[in-house]
Amino acid sequence: MASLGWRFDHSYARLPEAMFARVAPARARDPRVVVFNHTLASTLGLDASAVDLQSLAASLSGNALPEGALPLAQAYAGHQFGHFAMLGDGRALLVGEHLCPDGSRVDIHFKGSGPTPFSRRGDGRAALGPMLREYLISEAMHGLGIPTTRSLAVVATGEAVFRESLLDGAVLTRVARSHLRVGTFEYASARNEPELLDALVRYAIDRHYPDCAAAERPALALLNQVIDRQASLVVHWLRVGFIHGVMNTDNMSICGETIDYGPCAFLERYDPAVAFSSIDQGKRYAFGNQPSIAQWNLARLAEALLPAIDADADQALALAEEAVNRFAELYRSRQVDMMRAKLGLAGDSSDDEALITDFLGWMRERDADYTNSFSMLSAGRIAAGKLESDSSLAAWHQRWQARLQAGGEPLDAVTSRMRATNPVYIPRNHQVEAALAAATGPAGDLQPLERLLDVLKRPYLERPGLEAYTQPAQDAGRGYQTFCGT
Ligand code: AMP
Ligand code: MG
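What counts and how
Residues numbered from 1 in each chain as written. Chains lettered and ligands numbered in written order. Predicted model: local features only at pLDDT ≥ 70, side-chain atom pairs only at ≥ 80, totals over all residues. Heavy atoms only, no water. Helix = DSSP H or I, 4+ residues; strand = E, 2+ residues; numbered from the N terminus. Rg over C-alpha atoms; globule rule 2.2 N^0.38 Å. Buried < 20%, exposed > 50% of the residue type's maximum accessible area, 1.4 Å probe, protein only. Areas by Shrake-Rupley, 256 points an atom, 1.4 Å probe, with all protein chains shown as cover. Lys, Arg positive; Asp, Glu negative; His and termini not counted. Charge placed at Lys NZ, Arg CZ, Asp CG, Glu CD. Core = buried A, V, L, I, M, F, W, Y, C linked by side-chain atoms within 4.5 Å. Contact = heavy atoms within 4.5 Å. Domains from an automatic or database assignment. Buried area = accessible area lost by both parts, 1.4 Å probe. Salt bridge = Lys/Arg side-chain N within 4 Å of Asp/Glu carboxyl O. Polar contact = N/O pair within 3.5 Å; in protein donor to acceptor, adjacent residues only side chain to side chain. Nonpolar A, V, L, I, M, F, W, Y, C, P; charged D, E, K, R; others polar. Pairing = 2+ DSSP bridges. Phe/Tyr/Trp six-rings, centres within 6.5 Å; stacked < 30°, edge-to-face > 60°. Lys NZ or Arg CZ within 6 Å of the ring centre and 35° of its normal. Donors = N, O, S within 2.8 Å, 3.2 Å for Na, K, Ca; no water. 1 Å grid on protein atoms, 1.4 Å probe; cavity = no way out; pocket = protein on both sides within 12 Å on 5 of 7 lines; lining within 4 Å. Points joined across faces, edges and corners; volume = space filled by probe spheres on them. Axes fitted to C-alpha atoms, helices over the stretch in contact; angles between N-to-C directions. Parallel < 35°, antiparallel > 145°, perpendicular 65-115°, else oblique. Near = heavy atom within 4 Å. Expected span 1.5 Å × (residues − 1).

**What about the overall build of the protein?**
Here comes step 1: Across its full length, the protein carries 15 helices and 12 strands.
Here comes step 2: Since a compact globule built from 486 residues should have a radius of gyration of about 23 Å, the 23 Å found for the protein is in line with a globular shape.
Here comes step 3: Projected onto the principal axes, the alpha-carbon positions of the protein cover approximately 65 × 65 × 45 Å.
Here comes step 4: The buried share of the protein, taken over its 486 residues, is 58%.
Here comes step 5: Summed over its atoms, the accessible surface of the protein is roughly 20200 Å², and 51% of this surface lies on carbon and sulfur atoms.
Here comes step 6: Side-chain charges of the protein comprise 47 positive and 57 negative groups, with the mean position of each set lying 3 Å from the other.

What follows is the structure, encoded as structure tokens:
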């Protein structure tokens, strides 16, 4: 049987055994490839051209594990909605780390591949709709230029999974720089074995932040790096209106990729209080809370790292606190720079923050669509007629124009900065739902999903004929709800 050409290594499996459990994937009754990401496959140096669909389905469902695979479930803990719990991969397996042609190393993960010792009360399975959802949104995030795990394939298992009703089961092949999470460190710390935490710190540094090894306090340097990446990541999320939806510490990656697409969604009308997840009753993970939640999660990472930071507990605490406190200012300054770019502003002026706040305030007041408001500004499409009937925006528009002129940049430089920052197309929640409904419906119609994926490959480039993809939901997303991807 021809194979895709995996080149597996297993560095994570060389960590102490407490960090994982070896588990084989469950057998899928009748696996069938639903989507396969040829572009990603070729970036990974994989060649699907000689592999027939049946063999592809067999290998990506786990029925015929590729040569060199050594599946394991990773142990981790996490704060879920603020409460600590021991968790672990309950329905996913790390199959191996693939070595890419460019020398990088990526985790190959099966999600929905059956029960593990960490499944608790869950069935270890995943349904087709949520796996396609992760595929679609993660690939859209990649198209938007945001660090994210990727999706190589979704294979239907040919078996039903029981949720509120019977649904088709599926396995997603997820590709990540790693699956080391804040919760991985919380787990090692909770076990109270200093060697375990030290081994994990060394591993994370070696894999993601090799420069930290030479630092005076490597664990502190690691913490600082993660803080840095996370600040940038959340700035990206706020740039495009992404709401993760379940920012538990087990869903925060150490390398700064967006991970775990469950109840995530995109903001339509601008309101920092928007939260779509059905289980997020307290709106803990609302759009505008994401920066402070990121900092809260980083504080949990800092706590877990304390014994590795310094043998003197007081000293370790002081250093960790200082590091975590730095997040707020780091985030704020990057957020202002990001908003400047969205408005096309070069350099900085003391009035910029007011200019930004006032535009957001106008959007909030008018329930204006976040994406379209910025992309209309980029396209110079805020019409004079419209402004007359909206005096607050007209006044703002004048201030904005004056600021641009004072910047002294040619218009095309301004426009190209704005166009590179403000997407025209995002995965509109109602379109995502329609595409998933068609794909999981009786006819298994994949066309809407494939079209949406195609549009979202180049989200910054406006193209004629795609106007429907810029349409907000009729109720601006008010009635929208998302569910955890179980
Ligand atoms: P999540 O909210 O998807 O990040 O998952 C949180 C925890 O629940 C992780 O330990 C998952 O592995 C586990 N989990 C989620 N769904 C299932 C399932 N269907 N079966 C077993 N474990 C699950
Ligand atoms: Mg998770």
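**Details of the nonpolar core**
Here comes step 1: One finds F185 and L223 to be the most contacted residues of the largest nonpolar core, which totals 132 residues.
Here comes step 2: For this core, the element with the highest residue contribution is helix 6 (residues 218-240), accounting for 14 residues.
Here comes step 3: Every residue in contact with F185, bar those within four places of it in the chain, is listed here: L197, L200, V201, A204, L222, I254, L301, A304 and L305.
Here comes step 4: In terms of nonpolar packing, the next biggest core, distinct from the first, is built from 25 residues, L4, L56, A57 and V155 among them.

**Thoughts on the domain arrangement of the protein**
Interfaces are often sized by the amount of accessible area the parts lose when they come together.
Here comes step 1: When its domains are assigned, the protein resolves into domain 1 (8-179), domain 2 (180-426) and domain 3 (429-470).
Here comes step 2: In this structure, domain 1 and domain 3 have C-alpha centres spaced 24 Å apart.
Here comes step 3: Taken together, the contact pairs 14 residues of domain 1 with 14 residues of domain 3.
Here comes step 4: Across the domain 1 to domain 3 interface the summed buried area is about 1200 Å²; carbon plus sulfur atoms make up 76%.
Here comes step 5: Along the contact surface separating domain 1 from domain 3 lie one salt bridge.
Here comes step 6: The partner of E433 in a salt bridge is R133, with the nearest N and O atoms 3.7 Å apart.
Here comes step 7: One can count one residue pair in polar contact (both at pLDDT 80 or more) joining domain 1 with domain 3.
Here comes step 8: Where the side of domain 1 that touches domain 3 is concerned, the elements lending two or more residues are strand 3 (32-36) and helix 3 (128-143).
Here comes step 9: The dominant element in the side of domain 1 that touches domain 3, judged by the number of residues it contributes, is helix 3, at 10 residues.
Here comes step 10: Split by residue class, the side of domain 1 that touches domain 3 holds nine nonpolar, three polar and two charged.

**Concerning the pairing of strand 8 (residues 105-111)**
Here comes step 1: Taking burial as the measure, the seven residues of strand 8 include six buried ones, the bulk of the element.
Here comes step 2: Across seven bridges, the pairing between strand 7 (residues 92-99) and strand 8 is antiparallel. Note on strand 8: the bridge partner recorded for H98 is V106.
Here comes step 3: Connecting the antiparallel pair strand 7 and strand 8 is a turn made up of five residues, with G103 showing a positive phi of about 90°.
Here comes step 4: Across five bridges, the pairing between strand 8 and strand 10 (residues 166-176) is antiparallel. The residue of strand 10 that forms the bridge with I108 is V175.

**Re the packing of aromatic side chains**
Here comes step 1: On inspection of all chains with the given rule, the structure shows 16 aromatic pairs.
Here comes step 2: With a centroid separation of 5.6 Å and 20° between ring planes, the pair formed by Y270 and Y370 is classed as stacked. Placement of Y270 in the loop between strand 12 (265-266) and helix 7 (290-309) and of Y370 in helix 10 (residues 370-378) is noted, with a sequence separation of 100 residues between them. Grouping residues by exposure puts Y270 and Y370 together as buried.
Here comes step 3: Through a chain of ring-to-ring contacts, three or more aromatic side chains come together here, namely Y270, F287, F359, W362, Y370, F374, W396 and W400.
Here comes step 4: For R284, the ring lying beneath its charged end belongs to W296, and the centroid distance is 4.7 Å.
Here comes step 5: Note that K342 overlies the ring of F374, its terminal NZ or CZ placed 4.4 Å from the centroid.

**Quick word on the coordination of the magnesium ion (ligand 2)**
Here comes step 1: Protein coordination of the magnesium ion (ligand 2) is provided by N251 (OD1) and D260 (OD), with donor distances spanning 1.9 to 2.2 Å.
Here comes step 2: Judged by its relative accessible area of 17%, D260 is buried.

**What about the layout of surface pockets?**
Here comes step 1: Space inside the second largest pocket adds up to approximately 610 Å³.
Here comes step 2: Contributing to the lining of the second largest pocket are 23 residues, with A127, G129, P130, L167 and F483 lying nearest its centre.
Here comes step 3: When residues of the lining of the second largest pocket are traced back to their parent elements, those giving at least two are helix 3, strand 10 and helix 14 (429-440).
Here comes step 4: In terms of residue class, the lining of the second largest pocket is made up of 10 nonpolar, eight polar and five charged.

**As for the side chain of H79**
Here comes step 1: Mapped onto the secondary structure, H79 falls in strand 5 (residues 77-80).
Here comes step 2: At 2.5 Å, the side chain of H79 forms a polar contact with the side chain of E186.
Here comes step 3: Each residue touching H79, except ones within four places of it in the same chain, is listed here: F84, E186, N248, T249, D250, W296 and R300.

**Here's the deal with the packing of helix 5 (residues 194-208) against helix 7**
Here comes step 1: It is the contact of helix 5 with helix 7, at a shortest axis distance of 9 Å, that shows an interaxial angle of 100°. Comparing their axes, helix 7 and helix 5 come out roughly perpendicular. Together, L197, D198 and V201 of helix 5 and A304, L305, P307 and A308 of helix 7 make up the contact between the two elements.
Here comes step 2: Across the contact of helix 5 with helix 7, the residue classes break down as six nonpolar, no polar and one charged.

**Some words on the pattern of salt bridges**
Opposite charge on two side chains lets them pair, provided their charged atoms get close.
Here comes step 1: Using the criterion set out here, one finds 33 salt bridges in the structure.
Here comes step 2: A salt bridge links D271 to R269, with the shortest nitrogen-to-oxygen separation between them at 3.4 Å.

**Section: the site of ligand 1**
Here comes step 1: With respect to spatial proximity, 18 residues lie near ligand 1, and among them G88, G90, D123, G124 and N251 are the closest.
Here comes step 2: For ligand 1, a nitrogen atom lies 3.3 Å from a polar atom in the side chain of R91.
Here comes step 3: Relative to its unbound accessible area of 490 Å², ligand 1 is 86% covered by the protein chains.
Here comes step 4: In terms of domain composition, the shell around ligand 1 takes at least three residues from each of domain 1 (8-179) and domain 2 (180-426).

**A word on helix 3**
Here comes step 1: Here helix 3 contains 16 residues, and its C-alpha end-to-end distance of 22 Å stays within 8% of the 22 Å for a straight helix at 1.5 Å per residue.
Here comes step 2: With 13 of its 16 residues buried, helix 3 lies for the most part within the structure.
Here comes step 3: G145 lies just past helix 3 and shows a positive phi near 80°.

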